[in-house]
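Below, each chain spelled out in residue letters.
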Amino acid sequence: RRGTNHNMVVVGGSGSGKSTGSKMLAIEHALQGVSLVVVDPSPETEWRGPIQVVGGVYHELGEEALNPLQMGSGLGLDEAVEQMVTVFSVMAGEEREYRDGRPVRRLAAEEKAWLHRELFVFLQSERAGEAPVIGELVAFLEDVSLRRPELSPARHEACERLVLRLGGYARGQLGRIFNRPSTFAIEPGTHVGIGLGALNLALGSEVAPALAVILTHVLEALQRNRRGGGRMAVVLDEAHLVTNDRDAGRLVERL
């Protein structure tokens, strides 16, 4: 029925045929005119072939850039900021625990509220021009936000740590991915694969933040696709890499 959102979870032991069955189902949908978006964390980039078979394009995030701040066209500013803060909680939060050898990061509620307010102010001034990058946001937080007189010493220290952690995504290999304008887009009506194999091998602990960034872009593409009346299927392989993290898992819940 129009407007109905169908969801499916594929579970099973290693070698039980999860990937093969999912690929067959995805290709069947693509042949029926459904646009595919596949998120593939596997180092083997096993979805590259199926995406190319149906005429799509496969992007490797270790080589391409996806700007966390380059989203929200068609979203209200407050809604776009809310999605971004969820992503930044995964990127710049304190390490709360480890699952499957990977850190689960989370911002405290007070830090989230502070970041939401400051990000709103920052984007309000940048809204008319080209989307800013993380490095510019970090500079704003350092030069303006952390100097606000109402910050208590304890709150200033917590927010300063947040900004330092976020600054790590503006440098080095992470900067090449997250601190540049996006080099590709998820467009309704096209088949897109996004691989995290290279990132997984080089910086395994950063897969959850990368997935959080990808999912916000997928959410926006779904909203645009819905307005256009098209059909889209999203495949999230190795979903536990996201659902292990509470904030990143919330993005899956929104999908």
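One structure accompanies this document, and this report is about it. For clarity, every value in this text was computed on a predicted model and none was experimentally measured. (Residues numbered from 1 in each chain as written. Predicted model: local features only at pLDDT ≥ 70, side-chain atom pairs only at ≥ 80, totals over all residues. Heavy atoms only, no water.)

1. Some points on the nonpolar core
Line of reasoning, step 1. Formed by 59 residues in total, the largest nonpolar core has its most connected members in Phe88, Trp114, Leu119 and Phe178.
Line of reasoning, step 2. Not counting residues up to four positions away in its chain, the partners in contact with Trp114 are Leu141, Ser145, Leu146, Leu151, Cys159, Leu162 and Val163.
Line of reasoning, step 3. The next biggest cluster of nonpolar side chains, apart from the first, holds 11 residues, and it includes Ala30, Leu36, Ile51 and Val235. (Core = buried A, V, L, I, M, F, W, Y, C linked by side-chain atoms within 4.5 Å. Buried < 20%, exposed > 50% of the residue type's maximum accessible area, 1.4 Å probe, protein only. Contact = heavy atoms within 4.5 Å.)

2. Section: the pattern of salt bridges
When the charged atoms of two side chains with opposite charge come close together, those side chains can pair.
Line of reasoning, step 1. Within this structure, the stated rule accounts for 5 salt bridges.
Line of reasoning, step 2. The shortest N-O distance in the salt bridge between Glu118 and Arg117 comes to 2.8 Å.
Line of reasoning, step 3. For Arg117, a relative accessible area of 39% gives the class partly exposed.
Line of reasoning, step 4. With a shortest N-O distance of 3.5 Å, Arg161 and Glu157 are connected by a salt bridge. Separated by 4 residues within a single helix, Arg161 and Glu157 lie in helix H6 (residues 153-167), roughly one turn from each other.
Line of reasoning, step 5. The exposure class of Arg161 is partly exposed, given its relative accessible area of 34%. (Salt bridge = Lys/Arg side-chain N within 4 Å of Asp/Glu carboxyl O. Helix = DSSP H or I, 4+ residues; strand = E, 2+ residues; numbered from the N terminus.)

3. Some points on helix H4 (residues 109-126)
Line of reasoning, step 1. Along its 18 residues, H4 runs 25 Å from first to last C-alpha, staying within 8% of the 26 Å computed at 1.5 Å per residue.
Line of reasoning, step 2. For H4, every residue scored as buried is listed here: Glu111, Lys112, Trp114, Leu115, Glu118, Leu119, Phe122 and Leu123. For H4, the buried positions fall inside an angular range of 160 degrees around the axis, keeping them on one side.
Line of reasoning, step 3. Buried-residue contacts for H4 involve helix H3 (77-92), helix H5 (134-143), H6 and helix H11 (246-254). (Expected span 1.5 Å × (residues − 1). Arc of directions from axis to C-beta.)

4. Quick look at the packing of H5 against H6
Line of reasoning, step 1. One can describe the packing of H5 onto H6 by two numbers: an axis separation of 10 Å at closest approach and a directional angle of 160 degrees. Taken together, the axes of H5 and H6 are roughly antiparallel relative to one another. Between H5 and H6 lies a crossing whose hand is left-handed. In this structure, H5 contributes Ile134, Leu137, Val138, Leu141 and Glu142 to the contact, and H6 contributes Val163, Leu166 and Gly167.
Line of reasoning, step 2. The residue makeup of the contact of H5 with H6, split by class, is 6 nonpolar, 1 polar and 1 charged. (Axes fitted to C-alpha atoms, helices over the stretch in contact; angles between N-to-C directions. Parallel < 35°, antiparallel > 145°, perpendicular 65-115°, else oblique. Left-handed = near helix turned anticlockwise from the far one by under 90°. Nonpolar A, V, L, I, M, F, W, Y, C, P; charged D, E, K, R; others polar.)

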